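Architecture and fold: a report
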Amino acid sequence: MEDRVAVNQPLHYSSLLSYWECPRKWDYQQRGWQPYQLPDPMLRGLLTDRGVAAAWRGQDIREAVAAEVGIHLAIIDSGRLSDAAAHKDTIRALGKQAITMAQRYMEQLGKDLTPLLVGTSVIKKSVAGPIAGTPDCVATHRNKRVLIDLKTGHDPNPQMYSMTGQVDFYAYILQDI
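A brief structural summary. (Residues numbered from 1 in each chain as written. Predicted model: local features only at pLDDT ≥ 70, side-chain atom pairs only at ≥ 80, totals over all residues. Heavy atoms only, no water.)

1. A few points about the side chain of Thr 48
Structurally, Thr 48 can be placed in helix α3 (residues 43-56). We classify Thr 48 as buried; its relative accessible area is 0%. Side-chain polar atoms of Thr 48 contact the backbone oxygen of Arg 44, separated by 2.8 Å. (Helix = DSSP H or I, 4+ residues; strand = E, 2+ residues; numbered from the N terminus. Buried < 20%, exposed > 50% of the residue type's maximum accessible area, 1.4 Å probe, protein only. Polar contact = N/O pair within 3.5 Å; in protein donor to acceptor, adjacent residues only side chain to side chain.)

In structure tokens form, the structure reads like this:
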């Protein structure tokens, strides 16, 4: 593995935030040195996002969540963990919660939206180099384009996280589309 962080890679908002919170941890993530956390602290949010994205694409929520759960179970199977069974149970439980949350989102939000982009990475050239973002959905609602970024995980620390900043970042990237 190369010991240098790749330059000219698109810069994501989450990467900027991660750097701000802890530059050393950010560097380790860029180098691929961060170990898989069991279970991933943001896993319920990730699973819910996968379910909602599948629904917006006209696919089955349960199948999409089950596929992502399978990926995480395989990661656990590839390691030698003494408590792997407990981690697997937690991941399966998070999968069930994610299916319920995704179905609820679609009942409340999804019916009035026409998705244009779902979970699509968008890269834009800027003076600082390429920047990228992956909003959950860009859709039309009552003939207006809307940007949707679901918040499904833990409550972020308000001193370290600005949802306005993330939405502004996405809006800037998407302005030419």
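Here the narrative resumes, following the displayed structure.
2. Quick notes on the nonpolar core
Note on soluble globular proteins: their nonpolar side chains tend to be buried together. Ranked by size, the top nonpolar core spans 25 residues in total, and within it Leu 47, Val 52, Trp 56, Val 65 and Ile 148 carry the most contacts. Where this core is concerned, the elements lending two or more residues are α3, α4 (61-78), α5 (84-108) and β5 (137-141). Broken down by element, the residue count for this core peaks at 9 residues, all from α5. The residues touching Ile 148, leaving out its near neighbours within four places in the chain, are Trp 56, Leu 113, Pro 135, Asp 136, Cys 137 and Ala 139. If you look at the next biggest cluster of nonpolar residues, it comprises 7 residues, including Val 122, Val 138, Phe 169 and Leu 174. (Core = buried A, V, L, I, M, F, W, Y, C linked by side-chain atoms within 4.5 Å. Contact = heavy atoms within 4.5 Å.)

3. As for unusual backbone geometry
If you check the backbone angles, Arg 142 has positive phi at about 55 degrees while not being a glycine. By the element assignment, Arg 142 lies in the loop between β5 and β6 (144-148). Judged by its relative accessible area of 71%, Arg 142 falls in the exposed class. Even without glycine at this site, Asn 143 takes up a positive phi of about 65 degrees. Tracing the sequence through the fold places Asn 143 in the loop between β5 and β6.

4. Looking at the sheet that holds β5
If you trace the 3 strands from one edge of the open sheet to the other, you get β2-β5-β6, paired in antiparallel fashion. Sheet topology places β2 (114-118) and β6 at the edges, where each strand pairs with a single neighbour. For this sheet the average axis-to-axis angle between neighbouring strands, irrespective of direction, equals 25 degrees. In the sheet, β5 pairs with β6 via 5 bridges, with the strands oriented antiparallel. By the bridge assignment for β6, Cys 137 is matched with Ile 148. (Pairing = 2+ DSSP bridges. Axes fitted to C-alpha atoms, helices over the stretch in contact; angles between N-to-C directions.)

5. Describing the packing of α3 against α4
Their axes nearest at 8 Å, the elements α3 and α4 cross at an angle of 145 degrees. In terms of crossing hand, the pair formed by α3 and α4 is right-handed. Within the contact between the two elements, α3 uses Leu 43, Leu 46, Leu 47, Arg 50, Gly 51, Ala 54 and Ala 55 and α4 uses Ile 61, Ala 64, Val 65, Glu 68, Val 69 and His 72. Looking at side-chain class alone, the contact of α3 with α4 contains 9 nonpolar, 2 polar and 2 charged residues. (Left-handed = near helix turned anticlockwise from the far one by under 90°. Nonpolar A, V, L, I, M, F, W, Y, C, P; charged D, E, K, R; others polar.)

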